[in-house]
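Working through the structure, step by step
As a plain string of letters, each chain reads:
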Amino acid sequence: MTIEFCGRTPSSYSKEHVIYKITTYVFQHYLYFELLSEILLEFTTVERFDKEYIERFILSDYEEEFRNIGDVTEYMDLICELYNNNQDDFSDLRGNLLEFILLQLGPQKIKFVTKFSVLQECRIFENNKRIGEEEGHTDSNLDLVFYEKESLHSKKTVKAELIECKAKLDNYLFIREGKQPPIKRSHYDKLRYLNFLLEYFSDSKDFFILFATFQKNTSNSESNLKRLKFERLGIINGEHISGQIQLLQLNL
């Protein structure tokens, strides 16, 4: 039995790229992440973006704290740069930004003893067959995967943490009352596939699938996962990410 993780090497960005610049700020201080999250969740489209509103009603909440951190003007210019795109490009940048932040943070559930590998847009194969294909699961692309190569001898020994990044998870898991399936079909099919993977590797004590999101409060998403009977899927929320950034700062 041979299990194989196949995907692309993790994203890297030049120092001039907006994602690299924003992420650099984010890891300087957790408040940069919290400000970013609040703006991205409030203004989900480029059309709705309102810099004047942000300066009047959002930045004012951070004014005192940023006095001790540094000037926020350049950071706001970078956020404006994110929104200075068409909607499709903005959506891609927002998702890629969340993935890049999680990539820098590393695995959140597994404490790898040996060196771990990382892939994006990953698929999982066993004996050269994509796992889940025979069962009719078509969407097998996984945003971010941390795994231990030496553990791929069997389903029982696999050590892997799979992360799906959704900027606003509540939108992804939005339940449409009276509809079947109760959430968007493509989203439901993805959840079924993720749940299938959890069952497939259920003999492993170190196999986890998590959603990552900018949202601090994910109680509604947790409730919907439970209602849909996918409660084994975990969530890394914005509060957790912020806390991990704070821990990194303390260890510098």
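Attention here is on the structure that accompanies the text. (Residues numbered from 1 in each chain as written. Predicted model: local features only at pLDDT ≥ 70, side-chain atom pairs only at ≥ 80, totals over all residues. Heavy atoms only, no water.)

1. Structural notes on the overall build of the chain
To be explicit about the condition: We count a stretch as a helix when DSSP gives it H or I for four or more residues in a row; a strand needs E for two or more, and each element gets its number in order from the N terminus. Radius of gyration: C-alpha atoms only; globule rule: 2.2 Å multiplied by the number of residues to the exponent 0.38. Accessibility here uses a 1.4 Å probe with only protein chains present; expressed as a share of the type maximum, an area under 20% marks a residue as buried, one over 50% as exposed, and anything in between as partly exposed. Surface accessibility in these figures is a Shrake-Rupley result with a 1.4 Å probe; residues are shielded only by whichever protein chains are displayed. Only four residue types enter the tally: Lys and Arg on the positive side, Asp and Glu on the negative side, with His and both chain ends excluded. To locate a charge, take atom NZ for lysine, CZ for arginine, CG for aspartate or CD for glutamate.
A tally of helices and strands in the chain yields 9 helices and 7 strands. The C-alpha atoms of the chain give a radius of gyration of 19 Å, which matches the 18 Å a tight globule of 252 residues would have. In terms of overall dimensions, the chain has C-alpha extents of about 55 × 50 × 30 Å along its principal axes. In the chain, buried positions account for 49% of the 252 residues. Element-wise, carbon and sulfur atoms account for 44% of the exposed surface of the chain, whose accessible area totals about 13300 Å². Within the chain, the 41 negative side-chain charges are centred at a point lying 7 Å from the centre of the 32 positive side-chain charges.

2. Here we look at the packing of aromatic side chains
Let me state the cut-off plainly: Each Phe, Tyr or Trp ring, with Trp reduced to its six-membered ring, pairs with another whose centre is within 6.5 Å; inter-plane angles below 30 degrees give stacked pairs, above 60 give edge-to-face pairs, and intermediate values give tilted ones.
Counted according to the given criterion, the structure contains 20 aromatic pairs. Relative to Phe66, the ring of Tyr62 lies with its centre 5.9 Å away and its plane at 45°, an arrangement referred to as tilted. Placement of the pair is Tyr62 and Phe66 together in helix α3 (residues 51–67), with a separation of 4 residues, close to one helical turn. The class of Tyr62 is buried, set by a relative accessible area of 9%. Measuring from ring centre to ring centre gives 5.9 Å for Tyr172 and Phe211, while their planes differ by 55°; the resulting arrangement is tilted. Of this pair, Tyr172 sits in helix α6 (residues 169–172) while Phe211 sits in strand β6 (residues 206–212), and the two are 39 residues apart along the sequence. The rings of Phe43, Phe49, Tyr53, Phe57, Tyr83 and Phe90 are connected pair by pair, giving a single aromatic cluster.

3. A look at the environment of Glu64
Relative to the helices and strands, Glu64 resides in helix α3. Residue class for Glu64 comes out exposed when judged on its relative accessible area of 59%. As a C-alpha pair, Glu64 and Asn128 span 64 residues in sequence and 57 Å in three-dimensional space.

4. A short note on the packing of helix α2 (residues 30–42) against α3
Rules: Orientation is described by axes fitted as lines to C-alpha atoms, over the contacting stretch for helices, and by angles from 0 to 180 degrees between their N-to-C directions. Angular relationships are summarised with four words: roughly parallel below 35 degrees, roughly antiparallel beyond 145, roughly perpendicular across 65 to 115, and oblique for the angles in between. Handedness of a crossing is defined here by the sense of rotation of the near helix relative to the far one, left-handed for an anticlockwise turn of less than a right angle and right-handed for a clockwise turn. Any pair of residues with heavy atoms lying within 4.5 Å of one another is described as a contacting pair. In this count, Pro and Cys sit with the nonpolar residues alongside Ala, Val, Leu, Ile, Met, Phe, Trp and Tyr, while Asp, Glu, Lys and Arg are called charged and the others, Gly among them, polar.
Here α2 crosses α3 at 165°, and the two axes come no closer than 11 Å. The orientation of α2 relative to α3 falls into the category roughly antiparallel. Where α2 crosses over α3, the two elements pack in a sense that is right-handed. The segment α2 lies against α3, with Leu31, Tyr32, Glu34, Leu35, Glu38 and Ile39 engaging Ile54, Ile58, Leu59, Tyr62, Glu65 and Phe66. When its residues are assigned to classes, the contact of α2 with α3 shows 9 nonpolar, no polar and 3 charged.

5. Regarding the pairing of β6
Stated precisely, the cut-off is as follows: Two strands make a pair as long as DSSP finds a minimum of two bridges between them. Classification remark: right-handed applies to a crossover when, strands pointing away from the viewer, the course from the first strand over the helix to the second runs clockwise.
With 6 of its 7 residues buried, β6 lies for the most part within the structure. Note: strand β5 (residues 159–165) against β6, 7 bridges, orientation parallel. When the sheet's bridge partners are listed, Cys165 is paired in β6 with Ala212. Note that β6 and strand β7 (residues 234–236) share 3 bridges and pair parallel. Bridging from a neighbouring strand, Ala212 pairs with Ile236 of β7. Handedness of the β6-helix α8 (residues 219–227)-β7 crossover: right-handed.

6. Some details on the pairing of strand β4 (residues 142–147)
Each regular strand shows side chains that alternate between the opposite faces of the sheet. Of all the 6 residues making up β4, 6 are buried; the element is thus mostly covered by neighbouring parts of the structure. In this structure, strand β2 (residues 117–126) lies alongside β4, joined through 5 bridges in antiparallel fashion. Bridge pairing in β4 links Leu119 to Val145. The pairing of β4 with β5 spans 4 bridges and is classified as antiparallel. Each residue of the ladder has a partner; that of Val145, found in β5, is Leu162.

7. A closer look at the nonpolar core
What counts is decided by this rule: For our purposes a nonpolar core is just a set of buried Ala, Val, Leu, Ile, Met, Phe, Trp, Tyr and Cys residues, chained together by side-chain atoms within 4.5 Å.
Among the nonpolar cores identified, the biggest contains 50 residues, and Leu36 and Tyr75 are the most heavily contacted of them. With 9 residues, the top contributor of residues to this core is helix α5 (residues 87–105). Within the second largest apolar cluster, 32 residues are counted, among which are Val158, Leu162, Leu197 and Leu233.

8. Quick notes on unusual backbone geometry
Look at the link from Gln180 to Pro181: it is a cis peptide, with omega at -5°. The phi dihedral of Glu121 falls on the positive side, at around 50°, and the residue is not glycine. For Glu121, the location among the structural elements is in strand β2.

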